[in-house]
Amino acid sequence: MRKRKPWIYYIVGILVLAGLMMLTACQGNGGKKEPVTLTIWHVYGGQTDSPLNDLIEEFNETVGAEEGIKLQVTVVSNTNNIHDAVLRAANDEPGATGLPDMFISYPKTVLAMPDPEILVDYRDYFSEEELSAYIPAFLDEGEIDGRLVVFPVAKSTEIMFVDKTLFDRFAADTGATLEQLNTWEGLFELSKEYYQWTDAQTPEMPGDGKAFFVHDYHFNYFQVGVESLGEDFFRGNGIAYGKAFSKVWKPYADAAVQGGVWLQEGYATEPLRTGETIVSVASSASVLYYEDIVTYSDNRSEPIEVIARPVPCFENGERLVMQRGAGFCTVKSTPEKERAAAVFLKWLTEPETNVRFVTSVGYMPVTDAAFEVLPDFIENLEDPKYRSLYEAFLETQSSYEFYTAPQLAGYLELEQTFEKNVRSKLRVACSSWQEGEEDVERLMSEALENVKASLPE
């Protein structure tokens, strides 16, 4: 029998070892792919202190690590800045930063883009069954030309905030009740009464009564009010001044002319913080800016209790409320990146994750299932303002229909013009009344004709 030569064993061993190394390398590359990285611009918090940044880090360490996805936040700003940056990038302006993979946007931004087709249609990555879990009105707002391009992750609505401390003093003297704030008719009657009550506190200074109510968006009051009464607010690209508009105008203008409504510029939070008003209607997200202390014009301060309630409705109108809030857009790129964006959005809108997110930023969740788990989270909220807000959210979600503003090309300009003119015309009318003009009906009518002249049908 021939003996095998020893060097043969060395060659065989080397070949086997080389094969094993190649196999291990191949397996390693297959099991440890480079992660898909997505860049994000958003508005929730600051660059170094953001609830969404914290959740993104959690996603990266859990689902992202499992799925090979990494999210990278490159900008945290406000919606106006992101709106401008997106349009500069979309129009390829000199010096503009390139678009990120995902960005927060209102539909108005998408409508202003030169080519909205560069955005992903989420229906390509969400089944109809998955989409059925979301509140329909929230999805509807993100549809443009039949494509779902703005995906909801958190929504705000309009909420009524009340300085209960000052309201209780007013109520103790006059018999006013919080239940009167359930309707616009009741609220505006109290507005006139409150002006007279505050004026009487200083008899040596007649005519120094204070406004009771401030609305952040007068345009929304009219728009939603008219629609809730069963008529169209818009006619073409303008306003339809029909019977419902007149019904919405009358109690509002009546109270405004007689000093009960705040008509100055600025946000509703400011007059509430200074005691110039005691009831406001504003975006629910403005809870971040309401304080537990009021500082008067003479520098006196005192602690107050601020509570939240659903917005009023008209006595014979539908319970309708404006829904607001931006959503995420995803820029078309590769199937891997687009799928990764959908994976993140599905995770962020899972009921418990979504409620953790929205309760940290003062917004509403976006699915019915999330609203169902919301009460459990309310009990753990430390700030009574936030507990009151989310109780108002629950009542709003169960009792109201959400209204979505139409996607009109000139919507923003119409809103700004109407807002400015309504306030200014009624300020003039209120000044005339304070100077001794007693014919309130005439002042209301003149103000309305001036508004119509500035914004014809």
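Residues numbered from 1 in each chain as written. Predicted model: local features only at pLDDT ≥ 70, side-chain atom pairs only at ≥ 80, totals over all residues. Heavy atoms only, no water.

It is worth spelling out the pattern of salt bridges at this point. Applying the stated rule across the entire model yields 21 salt bridges. With a closest N to O distance of 2.8 Å, Glu67 and Arg339 form a salt bridge. Of the two residues, Glu67 is situated in helix H3 (residues 63-67) and Arg339 in helix H13 (residues 335-348); the sequence distance between them amounts to 272 residues. A relative accessible area of 38% places Arg339 in the partly exposed class. (Salt bridge = Lys/Arg side-chain N within 4 Å of Asp/Glu carboxyl O. Helix = DSSP H or I, 4+ residues; strand = E, 2+ residues; numbered from the N terminus. Buried < 20%, exposed > 50% of the residue type's maximum accessible area, 1.4 Å probe, protein only.)

Before going further, it helps to examine the side chain of Asp254. Tracing the chain through its elements places Asp254 in helix H11 (residues 243-257). Judged by its relative accessible area of 17%, Asp254 is buried. One polar contact links Asp254 to Lys192, side chain to side chain, over a distance of 2.7 Å. Those residues in contact with Asp254 that lie beyond four places of it in its chain are Lys192, Val440 and Met444. (Polar contact = N/O pair within 3.5 Å; in protein donor to acceptor, adjacent residues only side chain to side chain. Contact = heavy atoms within 4.5 Å.)

Our focus in this paragraph is the packing of helix H14 (residues 351-358) against helix H15 (residues 368-378). Look at H14 against H15: their axes get within 9 Å of each other, and the N-to-C directions meet at 60°. One way to sum up the angle between H14 and H15 is to call them oblique. Judged by the twist between their axes, the crossing of H14 over H15 is right-handed. Every residue of H15 that contacts H14 at Pro351, Glu352, Asn354, Val355 and Arg356 is listed here: Ala369, Ala370, Val373, Leu374 and Phe377. The class makeup of the residues in the contact of H14 with H15 is 7 nonpolar, 1 polar and 2 charged. (Axes fitted to C-alpha atoms, helices over the stretch in contact; angles between N-to-C directions. Parallel < 35°, antiparallel > 145°, perpendicular 65-115°, else oblique. Left-handed = near helix turned anticlockwise from the far one by under 90°. Nonpolar A, V, L, I, M, F, W, Y, C, P; charged D, E, K, R; others polar.)

Across the sheet, which stays open at both edges, the 5 strands sit in the order E2-E1-E3-E16-E6 with mixed pairing between neighbours. At either margin of the open sheet sits one strand with a lone partner, and together these are strand E2 (69-76) and strand E6 (151-152). Pairing analysis gives 4 bridges linking strand E3 (residues 102-105) to strand E16 (residues 327-330), with the strands arranged antiparallel. By the bridge assignment for E16, Met102 is matched with Thr330. Strands strand E1 (36-42), E2 and E16 of the sheet are contacted by helix H2 (residues 51-61), whose axis makes an angle of about 165° with E2. The strands that H13 touches are E1, E2, E3, E6 and E16; relative to E1, the one it contacts most, it runs at about 55°. (Pairing = 2+ DSSP bridges.)

By themselves these figures say nothing about function.
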